[in-house]
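Geometric and topological summary
Single-letter residue listing:
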Amino acid sequence: MSAPTPKTILLVSGLSGAGKTTALKTLEDMGWEVVDNLPLLLLERLLDTPVPAGHEELDDRPLALGIDARTRGFDAQAIVQRIKALRTRRGHDVETLFLDCSDMELERRFAETRRRHPLASDRPAAHGLARERELTDPLRRWATHVIDTTSLTSNGLQQEIRNRFSRDGLSAPTLTIMSFGFSRGVPLNADLVFDMRFLRNPHWEADLRPHTGLDPAVAAYIIEDPAYEDTVHRIEELLALLIPRYEESGKSYVTVAFGCTGGRHRSVHVAERVAKYLQDAGFSPTVSHRNMESAPQDSLEKREPGGPKAKS
């Protein structure tokens, strides 16, 4: 059997209530493999376990290991020695993150959540905190990264984790630009919805009706609307401002939906244009046209054929 591929490993430890769960969840959302409270005796067995056949790409994922004073066999000095051995004998790139917090803030958090400190039993939380600081002190002194969460909100800690440990843009949210038809229902997973029904409707042009917003003739017809250029450009600028804020808030998925009546013409064209704008601005959107392949139906367009051309 060949030697396991050296991995990037981050040991995540710290004081109870300081944010370890939030840190591990953020790393998982960023594409890390996360294992919490693994008994130390099983660590090397985990590293030696091959990934399932057909999923070799998973072997490249970095590994985050959550460990604290509650973990079976916890011994801070022994952990330090074991990690040194992983570096020197097996070639793994190992770093440690220690989450610290002031005793006053931790006591407030335990009181607010009505949770017992895991090492306090039936005694005050301060007793458990003192014991835990003593047990984990070697890890804190040896840690590669120390984050004090005393004044950090949950979102603030998430952003700090992304800033320190993001890899190749994996912390960026998955961005989807979609088109849809209001007559077939608003998508439930959309974060932002823009209504394109104020633009003139190609459905009521006999030569354009069979085509979609991907067709150049349909696009030209929509672009000729006097309200088109200024409105769509403002939407593009708004999205370029908002999407990074979604990333800062820790969202893993952002869906921007453009709707028209049937979901075949105006929304399709605008979604394609906006996706191209965002791609040129450095984002990586995926485009989805929910109703583009649906058959055109006059009854859905809210107007009888042959009537006056009105907004639909």
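Since the model is a prediction, treat every value here as computed from it, not as a measurement.

Conventions and cut-offs
Residues numbered from 1 in each chain as written. Predicted model: local features only at pLDDT ≥ 70, side-chain atom pairs only at ≥ 80, totals over all residues. Heavy atoms only, no water. Core = buried A, V, L, I, M, F, W, Y, C linked by side-chain atoms within 4.5 Å. Buried < 20%, exposed > 50% of the residue type's maximum accessible area, 1.4 Å probe, protein only. Helix = DSSP H or I, 4+ residues; strand = E, 2+ residues; numbered from the N terminus. Contact = heavy atoms within 4.5 Å. Pairing = 2+ DSSP bridges. Axes fitted to C-alpha atoms, helices over the stretch in contact; angles between N-to-C directions. Parallel < 35°, antiparallel > 145°, perpendicular 65-115°, else oblique. Left-handed = near helix turned anticlockwise from the far one by under 90°. Nonpolar A, V, L, I, M, F, W, Y, C, P; charged D, E, K, R; others polar. Salt bridge = Lys/Arg side-chain N within 4 Å of Asp/Glu carboxyl O.

1. Comments concerning the nonpolar core
- By size, the foremost hydrophobic cluster in this structure holds 40 residues, and its most contacted members are Leu27 and Ile161.
- Listing elements by their share of this core, those giving two or more residues are β1 (8-14), α1 (20-29), α2 (43-48), β3 (63-66), α3 (76-88), β4 (93-100), α5 (125-142) and α6 (154-165).
- In terms of residues, this core owes the most to one element, α3, which gives 5 residues.
- In this structure leucine 27 touches Leu10, Val12, Trp32, Val34, Ala64, Ile161 and Phe165, once residues within four positions along its chain are discounted.
- If you look at the next biggest cluster of nonpolar residues, it comprises 25 residues, including Leu175, Leu192, Phe194 and Val270.

2. Details of the sheet that holds β3
- Reading across the sheet, the 5 strands line up as β2-β3-β1-β4-β5 and stay open at both edges, with parallel pairing between neighbours. Where the open sheet ends on each side, the last strands, each with one partner, are β2 (33-36) and β5 (145-148). Direction aside, the axes of adjacent strands within the sheet are offset by 20° on average.
- By the bridge criterion, 4 bridges tie β4 to β5 in an arrangement that is parallel. Directly across from aspartate 100, in β5, lies its bridge partner aspartate 148.
- Across the sheet, α5 lies against β1, β4 and β5, angled at about 135° from β4, the strand it touches most.
- In the packing of α6 onto the sheet, contacts are made with β1, β4 and β5, and the angle to β5 comes to roughly 160°.

3. With respect to the packing of α1 against α6
- Contact pair α1 / α6: the axes reach a minimum separation of 9 Å and the direction vectors enclose 50°. Classified by the interaxial angle, the pair formed by α1 and α6 is oblique. Our pair here, α1 against α6, has a crossing hand that is right-handed. Side by side, α1 and α6 meet where Thr22, Ala23, Thr26 and Leu27 of the first sit next to Ser154, Leu157, Gln158, Ile161, Arg162 and Phe165 of the second.
- Residue classes in the contact of α1 with α6 are distributed as 5 nonpolar, 4 polar and 1 charged.

4. Some points on the sheet that holds strand β6 (residues 174-181)
- Read across the open sheet, the 4 strands follow the order β7-β8-β6-β9; overall the sheet is parallel. At either end of the open sheet lies a strand with only one pairing partner, and these are β7 (192-195) and β9 (286-289). The mean inter-strand angle of the sheet, taken between neighbouring strand axes irrespective of direction, is 20°.
- Across 4 bridges, β7 lies against strand β8 (residues 253-260) in parallel orientation. Paired with aspartate 195 across the strands is glycine 259, a residue of β8.
- Where helix α9 (residues 266-280) meets the sheet, it contacts β6, β8 and β9, and its direction lies at approximately 165° from that of β6.

5. Remarks on the packing of helix α8 (residues 228-248) against α9
- One can describe the packing of α8 onto α9 by two numbers: an axis separation of 10 Å at closest approach and a directional angle of 45°. With respect to their mutual orientation, α8 and α9 come out oblique. Where α8 crosses over α9, the two elements pack in a sense that is right-handed. Contacts between α8 and α9 involve Tyr228, Glu229, Val232, His233, Glu236, Glu237, Leu239, Ala240 and Ile243 on the former and, on the latter, His269, Val270, Arg273, Val274, Tyr277 and Leu278.
- Residues that form the contact of α8 with α9 fall into these classes: 9 nonpolar, 2 polar and 4 charged.

6. What about the pattern of salt bridges?
- All told, the structure shown has 17 salt bridges when counted by the stated rule.
- With its nearest N and O atoms 2.8 Å apart, the salt bridge here joins aspartate 195 to arginine 197.
- Residue class for aspartate 195 comes out partly exposed when judged on its relative accessible area of 33%.
- What makes arginine 197 partly exposed here is its relative accessible area of 29%.
- Across the salt bridge formed by glutamate 229 and arginine 273, the nearest N and O atoms sit 2.9 Å from each other. One end of the pair, glutamate 229, is in helix α8; the other, arginine 273, is in helix α9, with 44 residues separating them in the sequence.
- Within this structure, Asp100, Asp103, Arg133 and Arg140 form a network of salt bridges that share partners.

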